[in-house]
Each structure stands twice: as C-alpha cells, then as structure tokens.
Amino acid sequence: MTARVVAIGKGIFLGWLLGSLIGILVVLTIGTICIAAALPPTTVGLGPIPIATGWSNASGYGLHSEWGMALFTIAGMIVGAVLAIRPRPLPASA
C-alpha cells in the first residue's frame with residue numbers, strides 16, 4: 001500500500017513538473033511571436049480561457065501568463081496520477 005502511495009505521489013509530482021514546463025514553453029512561444037510581429041496586446045487562449053498575453057509597441061514589449069496557465073499544471077498532475085494508478089502488466093516468464 002505504501003509503495004503505491006509513493007508511486008502515485010511521484011506521478012503527480014512529475015506530471016506537475018512536465019505540465020509546468022510545457023506551459024512555460026507555450027507562454028514563451030506566444031510572447032516571442034507577439035514581440036517579433038510587433039502586435040498590440042494580444043491574448044491567446046483555449047476558448048474562453050486565457051493562457052498568455054504578449055505585446056510589442058513603441059513604449060516596450062513583454063509577455064505574461066494568464067490564469068489559464070494553471071490548466072497545464074493541473075492536467076499534468078491528473079495525467080501523472082492516472083498513469084501511476086493504472087495496473088502494470090506482469091513481466092513475461094522465460
């Protein structure tokens with residue numbers, strides 16, 4: 001039982017790390033595109049959920065994440081937990 005709990009905890013943690021990394025890469029990519037294209041403040045999201053805002057104008061440029069960024073980390077934690085919970089096939093005997 002304890003080993004299973006540890007495996008689920010590790011799965012959640014690694015899913016959180018991977019989801020965070022993917023989210024950060026998405027925000028940086030969106031910001032770089034907005035800066036390179038000299039766009040006014042532009043928000044990119046999934047439907048009504050904003051993920052990142054990037055801008056570039058005469059006074060400067062920048063980017064920041066929106067509240068939808070948390071969806072990447074939450075999705076990563078859920079996937080990590082599901083992968084840790086699923087049953088593993090037994091090794092084939094020789």
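This text goes with the structure placed above it.
Residues numbered from 1 in each chain as written. Predicted model: local features only at pLDDT ≥ 70, side-chain atom pairs only at ≥ 80, totals over all residues. Heavy atoms only, no water.

A. Here's a closer look at helix α1 (residues 2–36). With 35 residues, α1 extends 51 Å between its outermost C-alpha atoms, agreeing within 8% with the 51 Å of an ideal straight helix rising 1.5 Å per residue. When we look at burial in α1, the residues that qualify are G11, G15, G19, S20, G23, V27, I30, G31 and C34. Where α1 is buried, its residues contact β1 (42–46), β2 (49–57), β3 (60–65) and α2 (70–85). Positioned one or two residues after α1, A38 has a phi angle of 55°, which is positive. (Helix = DSSP H or I, 4+ residues; strand = E, 2+ residues; numbered from the N terminus. Expected span 1.5 Å × (residues − 1). Buried < 20%, exposed > 50% of the residue type's maximum accessible area, 1.4 Å probe, protein only. Contact = heavy atoms within 4.5 Å.)

B. Main features of the sheet that holds β1. Strand order across the open sheet formed by three strands is β1-β2-β3, with antiparallel pairing between neighbours. The sheet is open, and its two edges are formed by β1 and β3, each paired on a single side. Direction aside, the axes of adjacent strands within the sheet are offset by 15° on average. Here α1 sits on the sheet in contact with β1, β2 and β3, set at roughly 35° to β2. (Pairing = 2+ DSSP bridges. Axes fitted to C-alpha atoms, helices over the stretch in contact; angles between N-to-C directions.)

Shape descriptors only; they carry no functional weight alone.
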